[in-house]
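So the chains spell out like this:
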Amino acid sequence: MSFLSVIYENVTDWAPRMIAGLQLTLILTAGGFSLALLMALALEYLRSRQNAAVRLLGRIYLALARGIPILVILYLLYFALPAAGLTLPAKLAGIIGLGCVYAAYIAEVLRAGFNALPAGQREAALASGLTPLQTFWLVLLPQAIRHMLAPLLINLTSLMKDSSICALIAVPELTLASREIMSESFLPLPVFMLTALLYFFMAWPASVIARVIDHRLRSYPPRSVSKMPDVKHAMALS
Amino acid sequence: MDSSLMNAVVDALLSGAVTTIKVTAGALAVALCIGIALSAAAFLTSNFVVHAAVRIYVEALRNVPSLTFLFLLYFGLAALGFRLSSMVAAILGLGLIGGAITIDIFRSGFQAVPSGQAEAAASIGLTPLAAFRLIILPQGLRFALPSLGNYAIALIKDTSLVAAIAAPEIMFNARQLVNETFETAFIYGAAALVYLFLTMSVAQGVSLLERRLEVR
Amino acid sequence: MAADILLDVVNLGKSYGDFAVLKGVSFSLRRGERVALIGPSGSGKSTCLRAINYLDPPTQGEVRLDGQVIGRRSDGRRMSDLELAPQRAEIGMVFQHFHLWPHLCVRSNVALQPRKVRGLSHDEAAKLADELLAKVQLGHKADEMPHRLSGGQQQRVAIARALAQQPKLLLFDEPTSALDPELVGEVLTVIKELAGEGRAMVLVTHEIAFAREVADRIIFMDGGRIVEEGPAQSVLDDPQAPRLKQFLTSLAQRERGDG
Ligand SMILES: Nc1ncnc2c1ncn2[C@@H]1O[C@H](COP(=O)(O)OP(=O)(O)O)[C@@H](O)[C@H]1O
Ligand SMILES: [Mg+2]
């Protein structure tokens, strides 16, 4: 029984369930990423405050979000919060959990993007009489966004992959949908191969685009500084 | 909170932590071996087939969720007649995924070594292999260290997923204990602290190592 | 007399922690007057210039432009960058490293400020930009991106950008120090032309011959203080302070190539 013939035989049963799972995966991804972007902006804003206590809180948050597995955070949100009187639907718990964790990574991306700009850009803007807000929107953000696009895209695909963890708090997204199909059909290999392929064809184009953007960026605008490959980003890029 | 619960939690999380550490160490070893071997092969040869094969391996495993891949490995191979134990599937699965990550980390590390180093090594008559082993590799490893540290931390966190294929690590044990005691917040909170301790220890260790290597 | 004063710098001081970079600098500038600020590296010239438009807020003293105190509200509190914006708009600044906007074409680099700060329409701002670019001999580069220009061309765009503010005062911080020697001339020519139009400017420079030609007055700074000041001729040809003599000698030696 070949892979294709198995899929062909079962397509009418599997396709609607997998598509429903896929939809949930996309909802978790979109929701989680939007939340993460907003929280990352807030985190970076807090970081820029002078108040030491506020900054300490920000740092503690980053340490927790980076040091604890997503699964644990999802379990706490979904299973432990009800004990405190707050019951979240699984989908919402998933979005919040993914958003909270990725906020920490995206905050790092935002910071790196703005730090990559020479200090003179901000100074020259202020010196010419632009307001701080105009300086941010007209001068700093358009430049920083170039540095952020590729890593943001990478984080988006990572988040999409990590949304599969929501299967373990019973969100019937793609991975859980295929796990259920598997336990009925006893055809684990074709089912999970198909699932893996679906993920691959969502994540791979994004990672190719990210690589192209990153490559463009390194050649533009030409910098006088030597172009050493950035080892720090090797984990995220390429 | 009675002391028998406390004891049960400590027991469960400690034995879980031991498994977590075993899985992490095993997967790390697999990932590093694959990463070094394949990145070195890609560095030393311009053979198209080698490069294409490495690329396919990397792209395939970096664009599929760890959990999906673990299911594929654990349930899929069993259907083919290869019954892997939970532990073996966990180590192999996370190790294979890690290999795809560490290949890129090592490659960037090797590329960060200034090209003059390779030229100087060639000019004193070292063979390409010797030049790689004696000159490029030691320097490249140093450049790769921070990213390897980040990878190790991500790996510890990813081991929590192998609970889903019944490997008795921290989250698996925690979940079982919750099912018996219903002390949800306390047990998962404690599990979070254990992970935090593990990941922060690795972060500390790596930054110590980095500083040690820098002073030379 | 007082009505004739454009810029009044009074007892300006700046410290980083215990380290005093400026130790009470006072001078004033009449309308249309050009002052060159010279001095050894690290003497506080840039800090002084950047204190005038509060990029580096001074820790002591005050700056008045046209009688208006810069960077301080009437209750003496420091202004935020938002409150400072209209005051800074009246002062054009040209930086050593240009700081053009890399994401905007040359014309937009010049047109941004008039559009967004002074409220000109898109077309008005573009027209103004083209006029100013023609003035610095770069009319043909208006559609280029900055990184495609030579350093000298970039600095001329930066000058056009500062002029587009229609500033009362122009500040130049070593505008030719980052340029290859063969590109210095084209930038100096543009600045000389501006000087000929009677614009008020404070110029930090190491080009002594240029300072002599352009500046009405020269201020020599050392160790965060003004050590000597006066008409260009007398300061350069008849220096009194030993430090100034030494400084001029070392510059002359470097120019001859034996320093
Ligand atoms: N942000 C800063 N923190 C501490 N010291 C500074 C800072 N900026 C400038 N300085 C010091 O102030 C002194 C004067 O600098 P600057 O005004 O740039 O001198 P100049 O432009 O005359 O070469 C130098 O000794 C410099 O090291
Ligand atoms: Mg200076």
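As shown above, the structure is provided for reference.
Everything numeric here is computed off the predicted structure, so don't read it as measured data.

So, how was this worked out
Residues numbered from 1 in each chain as written. Chains lettered and ligands numbered in written order. Predicted model: local features only at pLDDT ≥ 70, side-chain atom pairs only at ≥ 80, totals over all residues. Heavy atoms only, no water. Helix = DSSP H or I, 4+ residues; strand = E, 2+ residues; numbered from the N terminus. Buried < 20%, exposed > 50% of the residue type's maximum accessible area, 1.4 Å probe, protein only. Contact = heavy atoms within 4.5 Å. Areas by Shrake-Rupley, 256 points an atom, 1.4 Å probe, with all protein chains shown as cover. Salt bridge = Lys/Arg side-chain N within 4 Å of Asp/Glu carboxyl O. Polar contact = N/O pair within 3.5 Å; in protein donor to acceptor, adjacent residues only side chain to side chain. Buried area = accessible area lost by both parts, 1.4 Å probe. Expected span 1.5 Å × (residues − 1). Arc of directions from axis to C-beta. Disulfide = S-S within 2.5 Å. Near = heavy atom within 4 Å. Nonpolar A, V, L, I, M, F, W, Y, C, P; charged D, E, K, R; others polar.

> So what exactly am I meant to see when it comes to the overall build of chain A here?
On a plain count of helices and strands, chain A comes out with 8 helices and 0 strands. Starting at the N terminus and walking to the C terminus, you meet the elements of chain A as α-α-α-α-α-α-α-α. If you line up chain A on its principal axes, its C-alpha atoms span 70 × 50 × 30 Å. A burial count over chain A gives 47% of its 238 residues as buried. Residue pairs at least 24 apart in sequence account for 75% of intrachain contacts in chain A once pairs closer than 6 positions are excluded. Carbon together with sulfur atoms contributes 69% to the accessible area of chain A, which is approximately 11300 Å² in total.

> Would you explain the pattern of salt bridges in this entry?
Note on pairing: side chains with opposite charge can pair once their charged atoms come close. One pass over the full model with this rule turns up 34 salt bridges over all chains. For A:Glu123, the salt bridge is made with C:Arg50, and the minimal N-O distance between the two is 2.8 Å. One end of the pair, A:Glu123, is in helix 5 (residues 119-127); the other, C:Arg50, is in helix 1 (residues 45-52), on a second chain. Of the charged contacts, one joins B:Asp104 and B:Arg55 as a salt bridge, the two residues approaching to 3.5 Å between their closest N and O atoms. Placement of B:Asp104 in helix 4 (residues 86-112) and of B:Arg55 in helix 2 (residues 48-62) is noted, with a sequence separation of 49 residues between them. For B:Asp104, a relative accessible area of 0% gives the class buried. Several salt bridges converge on common partners, so that one network encompasses A:Arg211, B:Arg55, B:Glu59, B:Arg62, B:Asp104 and B:Arg107.

> What should I look at first to understand the side chain of C:Asp56 in this one?
Residue and element names in this part refer to chain C. The topology assignment puts aspartate 56 in the loop between helix 1 and strand 4 (60-65). Relative accessible area serves as the criterion here: at 14%, aspartate 56 is assigned to the buried category. At a separation of 3.0 Å, a polar atom in the side chain of aspartate 56 contacts the side chain of arginine 50. Non-local contacts of aspartate 56, meaning those with residues more than four positions away in its chain, are made with Lys14, Tyr16, Arg50 and Ala51.

> Hey, could you run me through the interface of chain A and chain C in this one?
For interface size, the figure often reported is the accessible area lost on association. Contacts between the two partners involve 22 residues from chain A, matched on the other side by 24 residues from chain C. Summing the contributions of chain A and of chain C, the shared interface buries around 1900 Å²; its carbon and sulfur component is 66%. For the chain A face of the interface with chain C, the top three residues by lost area are A:Glu123, A:Ala127 and A:Ser128, together amounting to 24%. Linking chain A with chain C are 2 salt bridges, by the criterion used here. On the surface where chain A and chain C come into contact, there are 6 residue pairs in polar contact (both at pLDDT 80 or more).

> How should helix 7 (residues 170-181) of chain B be read in this particular structure?
Along an α-helix, residues three or four positions apart point the same way, because every turn accommodates 3.6 residues. All names here are of chain B. Taking 1.5 Å per residue as the helical rise, helix 7 with its 12 residues ought to reach 16 Å, and the 16 Å between its terminal C-alpha atoms agrees with that figure. Within the span of helix 7, buried status applies to Ile170, Met171, Asn173, Ala174, Leu177 and Val178. Across the axial projection of helix 7, the buried residues extend over an arc of 160°, all falling on one side. For helix 7, the exposed residues lying more than 90 degrees away from the buried face are Asn179 and Glu180. With a side-chain oxygen positioned 3.1 Å from the backbone nitrogen of methionine 171, the residue opening helix 7 is glutamate 169.

> What exactly am I supposed to notice about the arrangement of the chains here?
By contact count, the dominant pairing among the 2 pairs of chains in contact is that of chains A and B. Between chain B and chain C there is no contact, and the shortest C-alpha to C-alpha separation is 26 Å.

> Just checking my understanding: could you explain the state of the cysteines for this structure?
Here, the word disulfide means a covalent bond between the sulfur atoms of two cysteines. Residue and element names in this part refer to chain A. Applying the stated criterion to the full structure yields 0 disulfides over all chains. Cysteine cysteine 100 shares no disulfide, and the gap to the nearest cysteine sulfur, in cysteine 166, comes to 12 Å. Residue cysteine 100 is classed as partly exposed on the basis of its relative accessible area, which comes to 21%.

> Where do I start with the site of ligand 1 in this structure?
All names here are of chain C. By nearness alone, every residue bordering ligand 1 is listed as Tyr16, Phe19, Val21, Pro40, Ser41, Gly42, Ser43, Gly44, Lys45, Ser46 and Thr47. Here an oxygen atom of ligand 1 and a backbone polar atom of serine 43 are 3.2 Å apart. A distance of 2.9 Å separates an oxygen atom of ligand 1 from a polar side-chain atom of lysine 45. Elements with a minimum of two residues in the shell around ligand 1: strand 2 (19-30) and helix 1. Sort the elements by how many residues they give to the shell around ligand 1 and helix 1 lands first, with 3 residues. Residue composition of the shell around ligand 1, by class: 4 nonpolar, 6 polar and 1 charged.

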